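Report on the structure
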Amino acid sequence: PLPTVFVITPTYARLVQKAELTRLSQTFLHVPQLHWIVVEDSPQKTPLVSDLLKKSGLIYTHLHVPTAKDQKLQEGDPNWLKPRGVQQRNEGLRWLREDRRVEAGADNQQGVVYFADDDNTYSLQVFEEMRSTQRVSVWPVGLVGGMKYERPVVEGGKVVRFHTGWRPNRPFPMDMAGFAVSLKLVLANPDACFDGNAPMGFLESSFLQGLVTIDELEPKADNCTKVLVWHTRTEKPKMKREEAMQAQGLGSDPALEV
Ligand code: UDP
Ligand code: MN
């Protein structure tokens, strides 16, 4: 049987959330043997996400954990100030290690773990590339780090360095969207997780450092020469007219879910 791809997605309530999750879920519907682990950044599971998942047609697990207040980005903060989705990704890892083990039986360790933010763009091919991951597989990410792409550079089938415009001396100078880890490795290293206090740009490294060396990385996507995932970011919708209409008592119906 195909190894399952476990996709961990942190998500939080905002105007574009349903649009992002709709796009993502409809991509995932085209991927065989995918299990979506959606982790809400909230004190409770919300009806919007619960309903969307129920109707999605996907195999999923719905979790939630609120980001601690001192870790959370405040309105107006520059977005590089604090890493986002950290406790949510760690909650997804906890579920895989503790709860799923009980559900699936400890012997079933076939699988791959991928961290998919809700606003990125994923080709179907990237899931087939990662499915054969033995330890940690890697590939390019488009439109990230102020570059057209960042990627591991491969020579003789091995990653020898990284094409990145920024802090190339980080242990693993890669975006979250550019690697996947085998479930076996995740289970064999129960303490590996994301460190929310890691310096800027070191979040991916904080997780990967305990798991793998550069030499062991498995290049995918034609020796890292194809871009199959894009670090797209969605513009925040302007609500100027909405607010003006609201002031006149003519605002949009709050009961209508957007
Ligand atoms: N996220 C979250 N809580 C937040 C902000 C972001 O759970 O307060 C999630 C978001 O939905 C996304 C991931 O964390 O799946 C990364 O956030 P974002 O896309 O804003 O980061 P960037 O694109 O700047 O790397
Ligand atoms: Mn993003």
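To be clear, the structure that these remarks concern was listed above.
Okay, so let's go over this structure.

For the manganese ion (ligand 2), the full set of protein donor atoms is Asp119 (OD) and Asp119 (OD), and the range of their distances to it is 2.2 to 2.5 Å. The topology assignment puts Asp119 in the loop between strand S4 (111–115) and strand S5 (121–122).

By nearness alone, 16 residues border ligand 1, and Pro10, Asp41, Arg84, Asp119 and Arg233 come closest of all. In the environment of ligand 1, an oxygen atom lies 2.9 Å from a nitrogen or oxygen atom belonging to the side chain of Arg84. A distance of 3.0 Å separates an oxygen atom of ligand 1 from a polar side-chain atom of Asp118. In the complex, the protein chains occlude 90% of the 530 Å² of accessible area that ligand 1 would expose alone. Of all elements in the fold, only strand S1 (4–11) and helix H3 (86–104) reach the threshold of two or more residues within the shell around ligand 1. Residue classes in the shell around ligand 1 are distributed as two nonpolar, five polar and nine charged.

A few words on the environment of Trp139. Examined against the element boundaries, Trp139 turns out to sit in the loop between strand S6 (136–138) and strand S7 (141–144). Put simply, Trp139 and Thr67 are 72 residues apart on the chain and 29 Å apart in space, counted from C-alpha to C-alpha. Residues in contact with Trp139, not counting those within four places in the same chain, are Tyr114, Val126, Met130, Pro152, Ala177, Gly178, Phe179, Ala180, Lys220, Ala221, Cys224 and Val229. Polar side-chain contacts of Trp139 include one of 3.0 Å to the backbone oxygen of Ala177.

Between helix H1 (residues 17–28) and helix H2 (residues 47–56), the least distance of the axes is 11 Å, while the angle of their chain directions is 20°. The angle between H1 and H2 falls in the class roughly parallel. At the point where H1 passes H2, the crossing takes the right-handed sense. Facing Gln17, Lys18, Leu21, Thr22 and Ser25 of H1, the residues of H2 in contact are Leu48, Val49, Leu52 and Ser56. When its residues are assigned to classes, the contact of H1 with H2 shows four nonpolar, four polar and one charged.

Here we come to the nonpolar core. Within the largest apolar cluster, 35 residues are counted, with the highest numbers of intra-cluster contacts made by Phe115, Val136, Phe179, Val181 and Phe207. When sequence neighbours within four positions are dropped, the list of residues in contact with Phe207 reads Leu93, Phe115, Phe179, Val181, Ala192, Cys193 and Phe194. Counting 29 residues, the second largest nonpolar core, distinct from the first, contains Leu24, Leu34, Leu52 and Val126.

What follows is about the sheet that holds strand S3 (residues 59–64). Note on sheets: strands pair through backbone hydrogen bonds, and any given pair is parallel or antiparallel. Strand order in the open sheet formed by seven strands is S3-S2-S1-S4-S10-S6-S11, and the pairing between neighbours is mixed. Because the sheet does not close on itself, it has two edges, and the strands there are S3 and strand S11 (218–219). Bridging between strand S2 (residues 34–40) and S3 involves six bridges; their strand directions are parallel. Residue pairing in the sheet places His35 in a bridge with Ile59 of S3. On the sheet, H1 packs against S1 and S2 and is oriented at approximately 165° with respect to S2. Those strands touched by H3 are S1, S2, S3 and S4, and its axis lies near 140° from that of S1.

Take the pairing of S4 next. Among the five residues of S4, five are classified as buried, and the element is accordingly described as predominantly covered. Burial along S4 is two-sided: Gly111, Val113 and Phe115 facing one way and Val112 and Tyr114 facing the other are all buried. Pairing of S4 with strand S10 (residues 179–182), which is carried by three bridges, proceeds in the antiparallel orientation. Residue Val113 lies in a different strand from S10, and its bridge partner there is Val181.

Relative to the assigned elements, Glu129 resides in helix H4 (residues 125–130). Separated by 93 residues in sequence, Glu129 and Asp222 place their C-alpha atoms 9.3 Å apart. Beyond its immediate chain neighbours, meaning those up to four positions away, Glu129 contacts Lys220, Ala221 and Leu228.

Definitions and cut-offs
Residues numbered from 1 in each chain as written. Chains lettered and ligands numbered in written order. Predicted model: local features only at pLDDT ≥ 70, side-chain atom pairs only at ≥ 80, totals over all residues. Heavy atoms only, no water. Donors = N, O, S within 2.8 Å, 3.2 Å for Na, K, Ca; no water. Helix = DSSP H or I, 4+ residues; strand = E, 2+ residues; numbered from the N terminus. Near = heavy atom within 4 Å. Polar contact = N/O pair within 3.5 Å; in protein donor to acceptor, adjacent residues only side chain to side chain. Areas by Shrake-Rupley, 256 points an atom, 1.4 Å probe, with all protein chains shown as cover. Nonpolar A, V, L, I, M, F, W, Y, C, P; charged D, E, K, R; others polar. Contact = heavy atoms within 4.5 Å. Axes fitted to C-alpha atoms, helices over the stretch in contact; angles between N-to-C directions. Parallel < 35°, antiparallel > 145°, perpendicular 65-115°, else oblique. Left-handed = near helix turned anticlockwise from the far one by under 90°. Core = buried A, V, L, I, M, F, W, Y, C linked by side-chain atoms within 4.5 Å. Buried < 20%, exposed > 50% of the residue type's maximum accessible area, 1.4 Å probe, protein only. Pairing = 2+ DSSP bridges.

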